[in-house]
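If you want the building blocks of each chain, they are given just below.
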Amino acid sequence: MEQINDNQDWLTLFKKALLKIEPEINEGQRKMLLGHYSAPGMALSVKRLAEIAGYEGFRSGSLHYGKLARKISVAIDIIPPTQDQISIIAEWNGNQKDERGHGQWILYDEVAQAIEELGWVKIKNNVSQQDFPIPLGVEKPKEIISQTTQRERDALVRDWVLRAANGICECCEQEAPFESSDDLPYLEVHHIRHLANDGSDTVSNAVALCPNCHRELHHGKHKDELVENLYVCIPRLKRE
Ligand SMILES: [Zn+2]
Ligand SMILES: [Zn+2]
């Protein structure tokens, strides 16, 4: 930045400029600017910037980000150091390529700081108690008597499924992560159609899983795909 004018207080200038042009910034431009701020190393290719804003080709990304930069440049009354308008807010680094081989723009620290100080983003790398207040908790939790409906499980089914798995998770096909206190590989038996949903307690509805896969089948984003995969890969299973 020094080559532009080293007497300027860039942070103050950028803050003023952003504040001034805020009403004119469109949704795509805002997404690009904040996306740029959040990117690792604040480095992004024009193509990525366009994608963030939902523009089709990189050209419209370049165009819209360029327009935003132009507004900033006009607001602070300083000509960008290179022909590309974007150079008023970021430095081009053609050698620092992203994973797709595109050179990247590095957002200037002063612009980032202006964005933070204007409160446009939550300040990063600075997780304080303000963001996540530590709950006090309870020293002695009250006793709650709860009543849940449990279904009886057939121990023979469980044992058969575990023995058939032979210490290998039937979902990820990795070895059980540890041995249990009875020296057996630790796996958990899961009913694909849950017993609570009237699934049967039979070997054609039960699989042996490592704890990770078991949790994933209950809570994972891709649990339906995992189940589908189990049905395809394990011949004894029957859809219920
Ligand atoms: Zn697993
Ligand atoms: Zn389960």
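Residues numbered from 1 in each chain as written. Chains lettered and ligands numbered in written order. Predicted model: local features only at pLDDT ≥ 70, side-chain atom pairs only at ≥ 80, totals over all residues.

### A short note on the overall build of the protein
Operational definition: Counting from the N terminus, the helices are DSSP H or I runs at least four residues long and the strands are E runs at least two residues long. Atoms counted for the radius of gyration: C-alpha only. Globule rule: 2.2 Å times the number of residues to the power 0.38. Buried means a residue has 20 or more other C-beta atoms within 10 Å of its own C-beta, exposed means 12 or fewer, and partly exposed covers the counts in between; C-beta atoms are placed from the backbone. C-beta atoms are placed from the backbone for every residue, and two residues are taken to be in contact when these atoms lie within 7 Å.
Along the protein, the regular secondary structure elements total 8 helices and 5 strands. If you list the helices and strands of the protein from N to C, you get α-α-β-α-α-β-β-α-α-β-β-α-α. Relative to the globule expectation of 18 Å for 240 residues, the C-alpha radius of gyration of the protein, 28 Å, shows a markedly less compact shape. Along the longest, intermediate and shortest principal axes, the C-alpha atoms of the protein span 80 × 50 × 35 Å. Relative to its full complement of 240 residues, the protein shows a buried share of 22%. Partitioning the intrachain contacts of the protein with sequence separation of at least 6 by distance along the chain shows that 49% fall at a separation of at least 24.

### Examining the environment of Leu156
Here Leu156 lies in helix H6 (residues 155-165). The exposure class of Leu156 is exposed, given the 10 C-beta atoms found within 10 Å. With 43 residues separating them in the primary sequence, Leu156 and Gln113 have C-alpha atoms 64 Å apart.

### Side note on the domain arrangement of the protein
Interface size is commonly expressed as the accessible surface area that is lost when the partners come together. Which entries qualify depends on this criterion: Domain borders in the structure are assigned automatically or taken from a domain database.
Segmentation of the protein into domains returns domain 1 (10-117) and domain 2 (155-233). Here the C-alpha centre of domain 2 lies 49 Å away from the C-alpha centre of domain 1.

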